[in-house]
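One-letter residues, chain by chain:
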Amino acid sequence: VVLWILFALAIILLVIFISSWILMIWTKSLIDGTWNWTGALYGNGYQRIPTLLASVSLFIALYDITLKNTMVRKSFKTLSSYTLGIYYLHWIFLPFITPFFNTNGLWQNTLKTLIAIAISSVTIFALSYVPIIRKLVK
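Let me sum up the structure you'll find in this document. Please read these numbers as outputs of a predicted model, since none were measured by experiment.

Moving on, we come to the overall build of the protein. For the protein, the helix and strand inventory stands at six helices and zero strands. In sequence order, the protein lays out its α and β elements as α-α-α-α-α-α. Counting across all 138 residues of the protein, residues that qualify as buried make up 24%. In the protein, the share of contacts with a sequence separation of at least 24, taken over all contacts with a separation of at least 6, comes to 52%. Here the protein displays about 10100 Å² of accessible surface, and carbon together with sulfur accounts for 75% of that area.

What follows is the structure, given as structure tokens:
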């Protein structure tokens, strides 16, 4: 019975995540007047309900996975303690990564953002070993 509940929760979270992404893209198309990625930012994206639903559903899904695997749990816990630093640094790295991508596609923009977040994560992880900076990034 518990397994079925967890499976149903995973399906519900997946539906919420996908629906939220569709809502974000639809809202962006209404704002921009086009379905293409024009380089315009999703205005106040962190203050919109679809962004919140996508973030929370992804977090809960990842949290559920972390309960089952010790290595993933440690990685998730470490990464989650650096989220504020990752958020600030990804805005710094994005302008350097952008010239390597054609920003007319959603998938390319998503890949570009994921690369910026990965570089930010590695940078924050490295900075966490510098004694004075450790307090700023953690």
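This paragraph deals with the packing of aromatic side chains. Counting across every chain of the model gives three aromatic pairs. Ring centres 5.4 Å apart and planes at 85 degrees place the aromatic pair Phe125 and Tyr129 in the edge-to-face group. One aromatic cluster in this structure is built from Tyr82, Phe125 and Tyr129.

The rules we used
- Residues numbered from 1 in each chain as written.
- Predicted model: local features only at pLDDT ≥ 70, side-chain atom pairs only at ≥ 80, totals over all residues.
- Heavy atoms only, no water.
- Helix = DSSP H or I, 4+ residues; strand = E, 2+ residues; numbered from the N terminus.
- Buried < 20%, exposed > 50% of the residue type's maximum accessible area, 1.4 Å probe, protein only.
- Contact = heavy atoms within 4.5 Å.
- Areas by Shrake-Rupley, 256 points an atom, 1.4 Å probe, with all protein chains shown as cover.
- Phe/Tyr/Trp six-rings, centres within 6.5 Å; stacked < 30°, edge-to-face > 60°.

Purely spatial values, then, with no claim about function.
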